[in-house]
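# Chain and residue survey
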Amino acid sequence: MNNVRICIIASISLFLQACVQVPQTAEEFRKAVPGAMMTKTDTYQVNRPMGDVASTFERLAPKCLNVTVQTVSHSTTSFQNLVARYKATVVRTSERVELHVQQLYETGVLYPSKPPEGGVYLLVADAYAQSNQSARVQLYGPSMGYDALYRAIRGWATGENLGCPDMTTVP
């Protein structure tokens, strides 16, 4: 239940930071994250060619992240039934590969403005070639509650852990 509250608070604070206008594109999300509460950016280097990172993102992101998760919590004074649908999109450009993770609550959450097609942007990971054998990964997303998702993306980028995150632990 605490993870759900953290997620809702993070989402609401990001929305309020953006004057209640939900970022409609990955680029708007990238620009909103550095100034928003309860968000972070992270950058790290991996010893893998960008093409390998891109191929791994393309193979694992849809398989692992295109899921729907139901969370039910109740106490003596409340009942909450949340259904969250996650959507992963991988985009290759000439300069980078992008992994977008979107989240759309189908029940239990009211959005202050219309979310983009596919849901609000939860996380964006960009990988840039540094050399023929290394890439730099730049992440944008929430600062709390999403460790499993962050670990999975790092594992995919490094090639050291190709498992799927347990999305039931994601708020």
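About the cut-offs
Residues numbered from 1 in each chain as written. Predicted model: local features only at pLDDT ≥ 70, side-chain atom pairs only at ≥ 80, totals over all residues. Heavy atoms only, no water. Buried < 20%, exposed > 50% of the residue type's maximum accessible area, 1.4 Å probe, protein only. Helix = DSSP H or I, 4+ residues; strand = E, 2+ residues; numbered from the N terminus. Polar contact = N/O pair within 3.5 Å; in protein donor to acceptor, adjacent residues only side chain to side chain. Contact = heavy atoms within 4.5 Å. Pairing = 2+ DSSP bridges. Axes fitted to C-alpha atoms, helices over the stretch in contact; angles between N-to-C directions. Left-handed = near helix turned anticlockwise from the far one by under 90°. Nonpolar A, V, L, I, M, F, W, Y, C, P; charged D, E, K, R; others polar. Phe/Tyr/Trp six-rings, centres within 6.5 Å; stacked < 30°, edge-to-face > 60°. Lys NZ or Arg CZ within 6 Å of the ring centre and 35° of its normal. Salt bridge = Lys/Arg side-chain N within 4 Å of Asp/Glu carboxyl O.

What follows is about unusual backbone geometry. Where the residue is not glycine, phi is negative for most of them; where a peptide bond is considered, it is trans in most cases. Unusually for a residue other than glycine, M38 sits at a positive phi of about 60°. A relative accessible area of 24% places M38 in the partly exposed class.

A word on the side chain of R30. Inspection of the secondary structure puts R30 in helix α2 (residues 26-32). One polar contact links R30 to E98, side chain to side chain, over a distance of 3.2 Å. Apart from the residues within four sequence positions on either side, R30 is in contact with R96, E98, H100, V124, D126 and Y140.

Let us look at the sheet that holds strand β2 (residues 68-74). Taken together, six strands build an open sheet; the order of strands is β1-β6-β5-β4-β3-β2 and the sheet is antiparallel. Both edges of this open sheet fall to β1 (39-46) and β2, since each of them pairs with a single strand only. Between one strand and the next, the sheet's axes are offset by a mean angle of 15°, whatever the strand orientation. Sheet analysis places strand β5 (residues 120-131) next to strand β6 (residues 134-142), joined by seven bridges and oriented antiparallel. Its bridge partner being in β6, D126 is matched across the sheet by Q138. Most of the contacts of helix α3 (residues 50-65) go to strand β3 (residues 79-92), to which it runs at about 150°, and overall it touches β1, β3, β4 (97-107), β5 and β6.

Let's shift gears to the packing of α3 against helix α4 (residues 147-158). Look at α3 against α4: their axes get within 9 Å of each other, and the N-to-C directions meet at 145°. For α3 against α4, the interelement crossing comes out right-handed. In contact with V53, T56, F57, L60, A61, C64 and L65 of α3, α4 contributes L149, I153, W156 and A157. Of the residues contributing to the contact of α3 with α4, the split by class is 10 nonpolar, one polar and no charged.

With that out of the way, let us pick up the packing of aromatic side chains. Two aromatic rings, taken as a pair, are described by how far apart their centres are and by the angle between their planes. In total, this model carries one aromatic pair according to the counting rule given. Taking the centre distance of 6.3 Å and the plane angle of 35° together, the rings of F29 and Y121 count as tilted. A residue pair is termed long-range when its members are at least 10 positions apart, and F29 in helix α2 and Y121 in strand β5 qualify at 92 residues. It is K40 that lies over the ring of Y150; its NZ or CZ is 4.3 Å from the centre. Directly above the ring of Y44 sits R154, whose terminal nitrogen or CZ lies 3.7 Å from the centroid.

Oppositely charged side chains may form a pair once their charged atoms are brought near each other. By the definition in use, this model includes nine salt bridges. R30 is paired through a salt bridge with E27; the nearest N and O atoms lie 3.0 Å apart. Separated by three residues within a single helix, R30 and E27 lie in helix α2, roughly one turn from each other. The buried category is assigned to R30, whose relative accessible area is 7%. In this structure, E98 and R96 form a salt bridge, with 2.8 Å as the shortest nitrogen-oxygen distance. Taken together, the shared-partner salt bridges connect E27, R30, E95, R96, E98 and D126 into one network.

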